[in-house]
Amino acid sequence: MALQVELIPTGEIIRVVHPHRPCKLALGSDGVRVTMESALTARDRVGVQDFVLLENFTSEAAFIENLRRRFRENLIYTYIGPVLVSVNPYRDLQIYSRQHMERYRGVSFYEVPPHLFAVADTVYRALRTERRDQAVMISGESGAGKTEATKKLLQFYAETCPAPERGGAVRDRLLQSNPVLEAFGNAKTLRNDNSSRFGKYMDVQFDFKGAPVGGHILSYLLEKSRVVHQNHGERNFHIFYQLLEGGEEETLRRLGLERNPQSYLYLVKGQCAKVSSINDKSDWKVVRKALTVIDFTEDEVEDLLSIVASVLHLGNIHFAANEESNAQVTSENQLKYLTRLLGVEGLMLREALTHRKIIAKGEELLSPLNLEQAAYARDALAKAVYSRTFTWLVGKINRSLASKDAESPSWRSTTVLGLLDIYGFEVFQHNSFEQFCINYCNEKLQQLFIELTLKSEQEEYEAEGIAWEPVQYFNNKIICDLVEEKFKGIISILDEECLRPGEATDLTFLEKLEDTIKHHPHFLTHKLADQRTRKSLGRGEFRLLHYAGEVTYNVTGFLDKNNDLLFRNLKETMCSSENPIMSQCFDRSELSDKKRPETVATQFKMSLLQLVEILKSKEPAYIRCIKPNDAKQPSRFDEVLIRHQVKYLGLMENLRVRRAGFAYRRKYEAFLQRYKSLCPETWPTWAGRPQDGVTVLIRHLGYKPEEYKMGRTKIFIRFPKTLFATEDALEVRRQSLATKIQAAWKGFHWRQKFLRVKRSAICIQSWWRGTLGRRKAAKRKWAAETIRRLIRGFILRHAPRCPENAFFLDHVRTSFLLNLRRQLPRNILDTSWPTPPPALHEASELLRELCMKNMVWKYCRSISPEWKQQLQQKAVASEIFKGKKDNYPQSVPRLFISTRLGTDEISPKVLQALGSEPIQYAVPVVKYDRKGYKPRSRQLLLTPSAVVIVEDAKVKQRINYANLTGISVSSLSDNLFVLHVQREDNKQKGDVVLQSDHVIETLTKTALSADCVNNININQGSITFAGGPGRDGVIDFTPGSELLITKAKNGHLAVVAPRLNSR
Ligand SMILES: Nc1ncnc2c1ncn2[C@@H]1O[C@H](COP(=O)(O)OP(=O)(O)OP(=O)(O)O)[C@@H](O)[C@H]1O
Ligand SMILES: [Mg+2]
């Protein structure tokens, strides 16, 4: 099948495996590569691949339109310079295969269409070549695809990086840490079925060869309130459902659990235990397997599951009020399981759940809790147990990921690649303390982003020696300060409210805020708002004008959540736990520590500052994730939602900064390489410095001075339209170049082929000529030798056989014999025979004889009996007449036949008279009377015993052979003959003179029949015959000119016979 390829708008060449099945494969790096710029021509349909090339870069609408065009074509990635913008496709696009990974390995960022792997590879190569730590910051709102992107990046590194010399399992551990962390830290929310409810920063360590050798994870602020409460349509953390759904019967029995999420109050709040997109059972298997990969022993797994189960049991602890309205535990069964699973004393736990221990003036006092307080304490315990277990889990994974080679010298040369997958900006209907923290985190990251982007931009301009033009952008530092500033910041005020003695409530906190920061432009409350805005603000709410938009926070719960208090006796109980994980989570030193623990907000602030420091110390790369719709559906592009995200991700700002100077920049080498065909001086090669080449090129293209700047290593083009014009010119030029290249290539190809064929032909020719020449030479040599031998042999041909003449003699013999074969006589009459050499005379004679015998034998075998008889008769005729009678030679070629009369010519009476005697020969004859020699027509018949003379129907004379004494004929050419009959027989009338036209035939037959061959007389002059008793007649023969038979005067019969020269 012919290879079919298709150019898709991203600029990818894809191979269509089967025309009817739309299975398309991207060609690997060894396939055809089409540069990103080449897809610029498709920009009308699929938009630009780098927002920087947007003509109207200040227009949000143009930005969104570009995103929409690309999204419609399933092109989910677009750059803003080096920043990757990704839109969640909510469908499997099959663009993360091993083949795709290979395609993006080792290629320049702009050579291939935008992709996550392009960022991954660029970062990795920078890490290896520059040996600088790198950080990939992935941001975006919940469900935008941050976690998926992180996983894909990890997968890329795990699959494409070389394996470490030792500890190859670290790659598996890095990958397998994900399902475990997701099981414990992710949950289904309204926005995302697999929403990360914690922030994650993961370091991957690479050795000097670029192999991953270790890792470390930092987690941020797990949303632990989810353990005890979920909004409608949301779930608790996945692990609870996975355990109930997938856990073995035996495990569940041991943990005292039922396989039904509805039985657990902590799992029913959201009323959606089952989610179609989640398969808890198979996920459980993945998690169980992953736990073993990341070094969990069976005991540790049991301990961990005991804690998970104990949280579920805690949720089912019920209280009842006694007479004093104090809470009493009523769920004995749950308490029993809790005691066992957590390894704590039952009484102690029961008391801790229903009392609060206060230490006043060194004295411990137990104060009973009412129903509400007891439920609060129970939930606080559940949250603390779960969140601390999560922190322990992260620690455990870190121990497993820690490079085992930390002591080796190569450790010192490791570089680190950080992946930040942190919760994105969140705006809900009701926003609380968690959203406040999350959004603060995003403010910090945005600030870092602006700072670093501007910085790097500035650095590039400086490095290239181009004047830096300040960019107008919104610096969100003012909002960060509003939140984190000492004394005046919201966190400080919150902490102060939490710590101050007296009746501090969420509302007093709000008042304090109003007092302290009322003049801040980004802060608003009901009280501070103007008439119109006030309507949208509740009395217990404050509003922050974040860089990404306004968010209204409800202060309810702020103090509690910030304090994150766990009653002392609950802590004591947990510190006494025999569950090894719990005892690590609840350290006894915590009890004796008089210092008040840091509030949650402060802890979070500190960890963020730390994170910012970590990120600042690394080379940053950015992936900005966008969620296309809230329905988690593919192909839906909700413009309002996207505009909002574009705004709060600061993408327009990012673009403005990037475009502030120049829309496009490229190294001189790359620019020249791409466009050199547009200028005759630079095409096909430029021998000088690339920068000079570019100068010549752009002069030729007619760039105006304001359109570009020449840096030290790069050209900077200010407007996209300049680039597009160049690109369009290239497209046109390409067509003609393609034709030229094609023609040149075809010419070259066919010439090569022709030359190959020619070379081959010459080779064959010369070989063949050589062969022919050699053959000819050999033949000549042989001929000369033969001639020489023949001559020498000829000279000595008469000498006795000796080496000198042996060849000649043999040759003469052989050639005689060979020639003889061709010159043998053709028939028995052919008497020719080649002359033999002297040595072969005898042999020749023998052969000749042999040959003749053979011919005779063959001839004899071939003749028929009739012919044999004919020949025999002819032979007899020859014996009798040859050389004796003149007309014999004329008879030779005429065949003898058995009768010269037809059966109807012989009278039946004659036949009757002959009786049973057969007629062997019949011939018409003329009889001459004995007296007057009158000729009379008669028939002569031969029977086996007699010659019969017939006249018409009468037998005139019968001459028995016994009475036939002889036959006489003349030697002339006449046809007369005389039958001599015995005289004694009186019946006989005397000799008979007859004439037959076939005299030789008639006489031969008669002689044979009568057996009187020797009695035929051939007379010269005359014949005497007996004419009757006592009367003899004479016939005189004389030669003459014509036949004449007359009675002569002397009474003789005179016969004149013509002379024939045949005798
Ligand atoms: N590149 C992608 N290809 C296909 N589907 C994706 C891709 N990215 C995200 N998704 C889909 O979107 C869902 C949400 O993605 P993800 O969990 O990564 O979001 P998130 O940004 O991490 O959200 P959160 O902040 O809630 O953790 C995924 O479960 C997956 O179904
Ligand atoms: Mg996530």
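Residues numbered from 1 in each chain as written. Chains lettered and ligands numbered in written order. Predicted model: local features only at pLDDT ≥ 70, side-chain atom pairs only at ≥ 80, totals over all residues. Heavy atoms only, no water.

An unreviewed UniProt entry annotates the protein chain as Unconventional myosin-Ic of Loxodonta africana. Entered under Sequence similarities (unreviewed entry) in the UniProt record, the comment concerning the protein chain runs "Belongs to the TRAFAC class myosin-kinesin ATPase superfamily. Myosin family." (UniProt positions renumbered as here; feature names shortened; annotations may be inferred.)

Taken in spatial order, the three strands make up an open sheet running β20-β22-β21, and their pairing is antiparallel. Either end of the sheet is taken by a strand with one partner, and the two such strands are β20 (664-667) and β21 (708-710). Across the sheet, the mean angle from the axis of one strand to that of its neighbour is 15 degrees, orientation sign disregarded. Bridge count for β20 against strand β22 (residues 714-717) is four bridges, and the pairing is antiparallel. By the bridge assignment for β22, R666 is matched with I715. Together, β20 and β22 form the strand contacts of helix α17 (residues 433-464), whose direction differs from that of β22 by roughly 120 degrees. With respect to the sheet, helix α29 (residues 668-675) is in contact with β20, β21 and β22, its orientation differing from that of β20 by roughly 95 degrees. (Pairing = 2+ DSSP bridges. Helix = DSSP H or I, 4+ residues; strand = E, 2+ residues; numbered from the N terminus. Axes fitted to C-alpha atoms, helices over the stretch in contact; angles between N-to-C directions. Contact = heavy atoms within 4.5 Å.)

Summarising the metal site, the magnesium ion (ligand 2) is bound by the protein donors T147 (OG1) and S196 (OG), whose distances to it range over 1.8 to 2.1 Å. Here T147 is found in helix α5 (residues 146-160), whereas its partner S196 is found in strand β8 (residues 195-196), with 49 residues between them in sequence. Comparing T147 with S196, the two get one shared label, buried. (Donors = N, O, S within 2.8 Å, 3.2 Å for Na, K, Ca; no water. Buried < 20%, exposed > 50% of the residue type's maximum accessible area, 1.4 Å probe, protein only.)

Lining the immediate environment of ligand 1, one finds 17 residues, of which S142, K146, T147, S195 and S196 sit closest. Contact distances for ligand 1 include 2.9 Å between an oxygen atom and a side-chain N or O atom of N192. In this structure, an oxygen atom belonging to ligand 1 sits 3.4 Å away from a main-chain N or O atom of N194. For ligand 1, the protein covers 86% of the area, taking 630 Å² as the surface of the free molecule. For the shell around ligand 1, the elements supplying multiple residues, two or more each, are α5 and β8. (Near = heavy atom within 4 Å. Polar contact = N/O pair within 3.5 Å; in protein donor to acceptor, adjacent residues only side chain to side chain. Areas by Shrake-Rupley, 256 points an atom, 1.4 Å probe, with all protein chains shown as cover.)

Moving on, we get to empty space enclosed by the protein. Tallied over the entire structure, the rule returns eight cavities of 30 Å³ or more. The residue makeup of the lining of the largest cavity, split by class, is 10 nonpolar, five polar and one charged. (1 Å grid on protein atoms, 1.4 Å probe; cavity = no way out; pocket = protein on both sides within 12 Å on 5 of 7 lines; lining within 4 Å. Points joined across faces, edges and corners; volume = space filled by probe spheres on them. Nonpolar A, V, L, I, M, F, W, Y, C, P; charged D, E, K, R; others polar.)

Remark: the centre distance and the inter-plane angle together describe each pair of aromatic rings, the angle taken between the planes. Applying the stated criterion across every chain yields a total of 32 aromatic pairs. When the centroid spacing of 6.0 Å and the interplanar angle of 75 degrees are considered together, the rings of Y157 and F206 count as edge-to-face. Here Y157 is found in helix α5, whereas its partner F206 is found in strand β9 (residues 199-206), with 49 residues between them in sequence. Both residues of the pair, Y157 and F206, belong to the buried class. Site record: aromatic cluster; members linked through ring pairs are F433, F436, F509, F523, F542, Y553 and F558. K396 extends its terminal NZ or CZ atom over the ring of F296, reaching a point 5.3 Å from the ring centre. The ring centre of F807 lies 3.9 Å from the NZ or CZ of R789, which sits over that ring. (Phe/Tyr/Trp six-rings, centres within 6.5 Å; stacked < 30°, edge-to-face > 60°. Lys NZ or Arg CZ within 6 Å of the ring centre and 35° of its normal.)

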